[in-house]
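Fold and geometry: a report
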Amino acid sequence: FTVAVQRLQSVAPDGTCAVLTLHDVTALRRAEQTRVDFVANASHEIRTPLTTLLGFIETLQGPAKDDPQAHAMFLDIMQGEAQRMARLVEDLLSLSRIEQHEHEHPTTRVALGPLLERVVAGLQPQADQRRSTIKLTIEGAATVIGTADELVQLTQNLIVNALKYGKEGGLVTVTVTRKPAAPPAMPPPAFGAIAIAICDDGEGIPRAHLPRLTERFYRVDPARSKSQGGTGLGLAIVKHIINRHRGSLRIESDVGKGTCVYTYLPAAERD
Ligand code: ADP
């Protein structure tokens, strides 16, 4: 516990009376620490590509000034670093936008079928690059209460992770099913829940890491995440979108076999 002590003094008719108030500020201190850590981590993540960029600019202005071959190679690297910074800033903005509205719950109906078909079609080039296949199965009407843009972002982040951390030439399955009973972790929806299961056949995640995966910038293998263009914010964004939708998230993983991420959302209608 962290306790803040506030001492008040008041004068009563029969003399001075001291009132001692104790406040448990553990949660407040923890939130403040999280904020401080976040600013430090975000600054570090931005500084790394920036330092690389500045280094290459200096080399291009100095020792490599008249070397066209070096120019082409360095510009390529610089473009990669600038793109990394752009992705990071995009994700930071998304996170802050979603966090700002986390307590405004969506009220519109979104049909997951056409939405997921669009998302999967958009990720086909990325799947082709890894020679992987995405298999989409939708059972029933699959209409949820949600915000379409955020559900696109949520499913995109999870399918991209399944492609990145799945086997090369592997299979990613996206399966949407109705669940008559919602998991206890979400407020009971009027018409039950709809589950989106996104599974891959990659290396899996050791159990000890599972509870921390949705923390900002938490990565199991930082080098692997960075080499795949990861910002470390994908699952944090997913978690906030799910909170806003009053849904729930479960990650199951078997080391050496693969990972399944289950998202539960409130159904918009009875089955
Ligand atoms: P990143 O941009 O690093 O992918 P995320 O927030 O999306 O960030 O994920 C956090 C970490 O969780 C990743 O760095 C990776 O270590 C792990 N992870 C996420 N999805 C998977 C998956 N499908 N298989 C294995 N590891 C995963």
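Let us look at the structure shown here. (Residues numbered from 1 in each chain as written. Predicted model: local features only at pLDDT ≥ 70, side-chain atom pairs only at ≥ 80, totals over all residues. Heavy atoms only, no water.)

Inspection of the region around the ligand gives 18 residues, with Tyr165, Asp200, Ser225, Gly232 and Leu235 positioned closest. The separation between a nitrogen atom of the ligand and a polar side-chain atom of aspartate 200 is 2.8 Å. Contacts to the ligand include glycine 232, whose backbone N or O atom sits 2.8 Å from an oxygen atom. Here the ligand loses 95% of its free accessible area of 530 Å² to cover by the protein chains. (Near = heavy atom within 4 Å. Polar contact = N/O pair within 3.5 Å; in protein donor to acceptor, adjacent residues only side chain to side chain. Areas by Shrake-Rupley, 256 points an atom, 1.4 Å probe, with all protein chains shown as cover.)

Here alanine 162 shows up in helix α5 (residues 148-165). Between the C-alpha atom of alanine 162 and that of valine 172, which follows or precedes it by 10 residues, the distance is 6.4 Å. With residues up to four places along the chain from it excluded, the contact list for alanine 162 reads Val172, Ile198 and Asp200. (Helix = DSSP H or I, 4+ residues; strand = E, 2+ residues; numbered from the N terminus. Contact = heavy atoms within 4.5 Å.)

Time to look at the pairing of strand β9 (residues 258-266). The element β9 is extensively covered by neighbouring structure, given that 9 of its 9 residues are classed as buried. Here β9 shows a buried face lined by Gly258, Cys260, Tyr262, Tyr264 and Pro266 and a second buried face lined by Thr259, Val261, Thr263 and Leu265. With 7 bridges connecting them, strand β7 (residues 193-199) and β9 associate as antiparallel partners. Paired with alanine 193 across the two strands is proline 266, which belongs to β9. (Buried < 20%, exposed > 50% of the residue type's maximum accessible area, 1.4 Å probe, protein only. Pairing = 2+ DSSP bridges.)

Core analysis: the largest hydrophobic core is formed by 45 residues, its most contacted members being Leu112, Ile134, Ile159 and Ile198. Elements that contribute at least two residues to this core include exactly α2 (68-100), α3 (112-122), α5, β6 (171-179), β7, α7 (234-244) and β9. For this core, the element with the most residues is α5, which contributes 8 residues. Dropping the residues within four chain positions of it, leucine 112 is found in contact with Ile138, Ala142, Val144, Leu151, Val176, Ile194 and Ile196. (Core = buried A, V, L, I, M, F, W, Y, C linked by side-chain atoms within 4.5 Å.)

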